[in-house]
Amino acid sequence: MQETDIRPSAAAAEGVRAADARPAGALPRHWPLLLLGAAVVPGVLLVLVGRSLDEPAVQAWRTVCLAVTVQALPFLLLGTALSGAINAFVPARVFSRLLPKRAALAVPVAGMAGVVLPGCECASVPVANSLIGRGVTPAAAFAFLLSAPAVNPVVLTATAVAFPGSPEMVLARLLASLVTAAAMGWLWLWLGREEWLKPTVVRHTGHVPGHSRFTEFRRGFQHDFLHAGGFLVVGAMAAATFNVAVPRTVLDTFAGSPWLSVLFLAALAIVLAVCSEADAFVAASLSGFSPVARLAFMVVGPMVDLKLIALQAGTFGRAFAVRFSAATAVVAVVCSAVIGGVLL
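Here the structure is a predicted model, which is why all the values come from computation and not from measurement.

Per the secondary structure count, the protein chain includes 16 helices and zero strands. Summarising the internal contacts of the protein chain: among those between residues at least 6 apart in sequence, 82% fall at separations of at least 24. Total accessible area on the protein chain stands at roughly 17,700 Å², and carbon and sulfur atoms take up 70% of it.

Structure below.
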């Protein structure tokens, strides 16, 4: 049988050697054409799409979306930077040493700690898990989990900027969030069961001995900012859509009823999952709703939303997440309605 010569031809071998000889990182052979295509194709697409963006409704949508994003971005940047600094430079044992030994007293103290310790929703879940793993009563850890992203200085400052000339809105948000956090901590002491919590795995995201604190800060800040920034953009787009695309008659159906407007914006906060450093600007843009309804949006959002439910289910178990999230939503709505009705 005649053997088949499977050796590469001289031309093919020369091509392989030429490709191997090309320096690492060298430009491809047809790079001018690729560069021209990268410059022309997006421009053509922008021209074609831009013709459909001249409608007044689309321009209004774009204006509202950009306004909400630009207003909230500095506070989101500051909040995630402070959260990353605490995550990298403050040991978790500090929290357990400052809390009272008695559980009933530790709950409000942990809730008040959120006023001076900024943190986003995503960071509060692993920190609460770490506190439980270090011996802190779960009730106090859950109170801190709820209060930290809702009443920290960055969030309160952002609320004051989003609602200029309305200090009562800032006070209402502070009180409603603190009361909700403390009520949920005490409710856990009363009705909570240990079997609802899956075995705690300590996953503290703070400093690890031998690692660079600045590297941990950079990674934590980068993760929180990019993650929360995506939700900010989605929330701004949704707020612009509600202001422009939804018929006024539909919004008036909910906005005209005190209770329906509160329930509607509370449900909207759960679905949108806007970062707490930015939700005040989204709430302020929903100008067709009552102040109490917008307060409910800002109180419910940092405590109960889709991403938090998923994080709680993965950290503490599904049995805990379903019960705790449902109870928190009810308590937050009630506190917002009562406190908002008095102050607003």
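So that's the structure; there's more coming.
Time to look at the environment of E168. Take E168: it is sitting in helix 9 (residues 167-191). The sequence separation of E168 and L343 amounts to 175 residues, and the corresponding C-alpha distance is 6.3 Å. Ignoring any residue separated from it by four or fewer positions in sequence, one finds E168 in contact with L343 and L344.

Take the pattern of salt bridges next. Any two side chains of opposite charge can pair if their charged atoms end up close together. Scanning all chains against the criterion turns up one salt bridge. R173 serves as the salt-bridge partner of D279, at 2.9 Å between the closest nitrogen and oxygen. Here D279, found in helix 13 (residues 279-285), pairs with R173, found in helix 9; they are 106 residues apart in sequence, far enough to count as distant. Accessibility expressed as a relative area gives 1% for D279, which makes it buried.

In this section: the environment of A158. Among the structural elements, A158 can be located in helix 8 (residues 153-162). Along the sequence, A158 and F281 sit 123 residues apart, while their C-alpha atoms lie 7.8 Å from each other.

With that settled, consider the packing of aromatic side chains. For the coordinates displayed, the defined rule picks out nine aromatic pairs. Arranged with centres 5.2 Å apart and planes meeting at 90 degrees, the rings of F142 and W188 form a pair that is edge-to-face. Of the two residues, F142 sits in helix 7 (residues 138-151) while W188 sits in helix 9, which places them 46 residues apart along the sequence. For the pair F142 and W188, one class covers both residues: buried. Here the aromatic cluster, defined as three or more aromatic residues joined through ring pairs, consists of F142, W188, W196, F316, F320 and F324.

Contact pair helix 15 (residues 306-316) / helix 16 (residues 318-343): the axes reach a minimum separation of 7 Å and the direction vectors enclose 140 degrees. By the angle class used here, helix 15 and helix 16 are oblique. Here helix 15 runs over helix 16; the crossing is right-handed. In contact with I309, Q312, A313 and F316 of helix 15, helix 16 contributes R318, F320, A321, F324 and S325. When the residues that make up the contact of helix 15 with helix 16 are grouped by side-chain class, the tally is six nonpolar, two polar and one charged.

Soluble globular proteins tend to bury their nonpolar side chains together. F142, L265, F297 and F316 are the most contacted members of the largest nonpolar core, which has 71 residues in total. With 11 residues, the single largest contributor to this core is helix 7. Discounting chain neighbours no more than four positions away, the residues touching F142 are I132, W188, L197, F316, F320 and F324.

Our focus in this paragraph is the side chain of T328. Counting through the fold element by element, T328 comes out in helix 16. The class for T328 is buried, based on a relative accessible area of 0%. Excluding residues that lie within four positions of it along the chain, T328 makes contacts with L146, T180, M184, M303 and V304.

So, about the packing of helix 9 against helix 14 (residues 291-300). Running from N to C, helix 9 and helix 14 point in directions that differ by 50 degrees, and their axes come no closer than 10 Å. As the angle between them shows, helix 9 and helix 14 are arranged oblique. In terms of crossing hand, the pair formed by helix 9 and helix 14 is right-handed. Residue-level contacts link M169, A172, R173, A176, S177 and T180 of helix 9 to P291, L295, M298 and V299 of helix 14. Tallied by class, the residues present in the contact of helix 9 with helix 14 amount to seven nonpolar, two polar and one charged.

Procedures and definitions
- Residues numbered from 1 in each chain as written.
- Predicted model: local features only at pLDDT ≥ 70, side-chain atom pairs only at ≥ 80, totals over all residues.
- Heavy atoms only, no water.
- Helix = DSSP H or I, 4+ residues; strand = E, 2+ residues; numbered from the N terminus.
- Contact = heavy atoms within 4.5 Å.
- Areas by Shrake-Rupley, 256 points an atom, 1.4 Å probe, with all protein chains shown as cover.
- Salt bridge = Lys/Arg side-chain N within 4 Å of Asp/Glu carboxyl O.
- Buried < 20%, exposed > 50% of the residue type's maximum accessible area, 1.4 Å probe, protein only.
- Phe/Tyr/Trp six-rings, centres within 6.5 Å; stacked < 30°, edge-to-face > 60°.
- Axes fitted to C-alpha atoms, helices over the stretch in contact; angles between N-to-C directions.
- Parallel < 35°, antiparallel > 145°, perpendicular 65-115°, else oblique.
- Left-handed = near helix turned anticlockwise from the far one by under 90°.
- Nonpolar A, V, L, I, M, F, W, Y, C, P; charged D, E, K, R; others polar.
- Core = buried A, V, L, I, M, F, W, Y, C linked by side-chain atoms within 4.5 Å.

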